[in-house]
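As a plain string of letters, each chain reads:
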Amino acid sequence: MYKRADYIVIKNRIKEPRKFIQVVMGPRQVGKSTVVKQVLAELDMPYQFYSADDVPATNHTWISDCWSAVRSLKENRGVDTMLLVIDEIQKVHNWSEAVKKEWDDDTFHDRDIKVLLLGSSRVLLERGLSESLGGRFEEIRMSHWGYAEMRDCFGFTLDQYLFFGGYPGAAPLIGDEERYRQYIRSAIVEATINKDILMDTPIGKPALLRRTFELGAAYSGQLLSLNKMLGNLQDAGNTTTLAGYVQLLDEAGLLTGLQKYSIDTARRKSSIPKFQVYNNALKTIYHPYTFEQTILDRKAWGHIFESGIGAYIISQAFVHRLEVFYWRERNDEVDFVLRRQGSSVAIEVKSNAAKRTAGLDTFRRMFEPQTALIVGDGGISAGEFLSMDIRKLF
């Protein structure tokens, strides 16, 4: 079975002496549970695996019951160390308080029980971690599958990856595009909105939240003002409502609205957002043409190409904690600007020879980035860029 690079990270963290709770987080359907089970299958340490998938959210004692069972097993077996794994932890209300209580009790009594938590809702996990577990945990962030992974595991070509994205569960379905689109809508979009956003966040207009995602995904890789979005949505309320919905979709790993790169924070926050999906499958399910039709349409393929590169950039930025922006001034623009610890990298995506790249030169003169590069025609090939560690650009 194919093993992602996260396998090594998780395995090494578990082998370390007990110091932190390890939290594996990332979007739905990227293989978090699978990679953890691969690690457990080869682990020379006793463990217990529990899933909160079917546990009532109001069952406040469930986590403590799991912990008690592990303590009893550890004592009965006479082992020095034991591992407790809980999947979909965010589905239990006030989970972080229960974890804090049990973890601190083990620490106080010198019980060597290591803990690995998994969750598919970034927003619920991060909220719980920040509220109760400060200083007690480390995050292991998993992203959507990259081009090299989809190529090596499923035989994807570069064009197929750019169009169909990086969901391993959907890979066998690309020969039947209608079935593939239905899978992405139900297993990814609806599951994320219903279970990760609406479950714990009061939303006045759930239908508007869905329409905001659909419109933003369709415009992925393009600038679209919130005021213009209002004109395309019925019963849209106001721009503040839409901005809040985009923030929730971002935290859920579906769609983000990139801000304009600027030294001035106020100008940055008031800029027109550039929408970008985290996985290009989320854009192409709303695309009116098939894969073969899109390949033959130069303009349509240009939009898919740029969004596909952007999806890889923001997914990697989530994993490696980088900031991502775009830049535009009059007729000059740069598709993506990465920032880390005061250093910046400018990236222009060039899907055809006719596209201007003068904006990259202007950006160089104004901001002196550490690196400025073109992805596509006249620069680094898309395949090479999608296979690289973008941290090496700094």
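Here is a short report on the structure shown in this document. (Residues numbered from 1 in each chain as written. Predicted model: local features only at pLDDT ≥ 70, side-chain atom pairs only at ≥ 80, totals over all residues. Heavy atoms only, no water.)

## With respect to the overall build of the protein
Note the threshold: Helix and strand definitions follow DSSP, with helices as H or I runs of at least four residues and strands as E runs of at least two, each counted in order from the N terminus. Here the globule rule is a power law, 2.2 Å times the number of residues to the power 0.38, and the radius of gyration is based on C-alpha atoms. A simple rule labels every residue: compare its accessible area, found with a 1.4 Å probe on the protein chains alone, to the largest value its type can have, and call it buried under 20%, exposed over 50%, or partly exposed in between. Whether two residues are in contact is decided by their heavy atoms, any of which lying within 4.5 Å being enough. Note on areas: Shrake-Rupley with a 1.4 Å probe; residue coverage comes only from the protein chains shown. Charged-residue counts in this description rest on Lys and Arg as positive and Asp and Glu as negative, His and the chain ends being excluded. Throughout, a charge is located at the NZ atom of Lys, the CZ atom of Arg, the CG atom of Asp or the CD atom of Glu.
When you go through the protein residue by residue, the secondary structure sums to 17 helices and 11 strands. Here the C-alpha atoms of the protein give a radius of gyration of 22 Å, agreeing with the 21 Å that 2.2 N^0.38 yields for 394 residues. Dimensions of the protein, computed from C-alpha atoms along their principal axes, come out at roughly 70 × 45 × 45 Å. Each of the 394 residues in the protein was classed as buried or not, and the buried ones make up 55%. Considering only residue pairs separated by 6 or more positions, the protein has 72% of its internal contacts joining residues 24 or more positions apart. Roughly 17500 Å² of accessible area belongs to the protein as shown, and the carbon and sulfur atoms make up 47% of that amount. Measuring between centres, the 51 positive side-chain charges of the protein sit 3 Å from its 50 negative side-chain charges.

## Observations regarding the sheet that holds strand S6 (residues 255-260)
We apply this condition: A pair of strands is treated as paired once DSSP finds two or more bridges between them. Between N-to-C directions, angles cover 0 to 180 degrees, with each direction set by a line fitted to C-alpha atoms, over the stretch in contact for helices.
Read from one edge of the open sheet, six strands run S7-S6-S8-S9-S10-S11, paired in mixed fashion. Pairing within the sheet leaves two strands with one partner each, and these edge strands are strand S7 (274-277) and strand S11 (371-376). Averaged over all pairs of adjacent strands, the angle between strand axes in this sheet comes to 35 degrees, irrespective of strand direction. With four bridges connecting them, S6 and S7 associate as antiparallel partners. When the sheet's bridge partners are listed, Leu258 is paired in S7 with Lys274. Across the face of the sheet, helix H15 (residues 298-320) comes into contact with S6, S7, strand S8 (323-329), strand S9 (332-340), strand S10 (343-350) and S11 while running at roughly 75 degrees to S7. Each of S8, S9, S10 and S11 is contacted by helix H16 (residues 358-367), which is oriented at about 50 degrees to S9, the strand it contacts most.

## Comments concerning the sheet that holds strand S2 (residues 47-51)
Read from one edge of the open sheet, five strands run S2-S3-S4-S1-S5, paired in parallel fashion. Edge positions in the open sheet fall to S2 and strand S5 (137-141), since each of these has one partner strand only. This sheet shows a mean twist of 20 degrees between the axes of neighbouring strands, independent of strand direction. The pairing of strand S1 (residues 21-25) with S5 spans five bridges and is classified as parallel. Paired with Val24 across the bridge in S5 is Ile140. The strands that helix H2 (residues 32-41) touches are S1, S2, strand S3 (82-87) and strand S4 (113-119); relative to S4, the one it contacts most, it runs at about 155 degrees.

## A word on the pairing of S4
The buried fraction of S4 amounts to seven of the seven residues, a majority that puts the element mostly inside the structure. Across the two faces of S4 the burial is the same, with Ile113, Val115, Leu117 and Gly119 and Lys114, Leu116 and Leu118 all buried. Inspection of the sheet shows S1 paired to S4 by four bridges, in the parallel sense. Directly across from Gln22, in S4, lies its bridge partner Leu116. The sheet contact formed by S3 and S4 spans five bridges and is parallel.

None of the figures reported here should be taken as evidence of function without further support.
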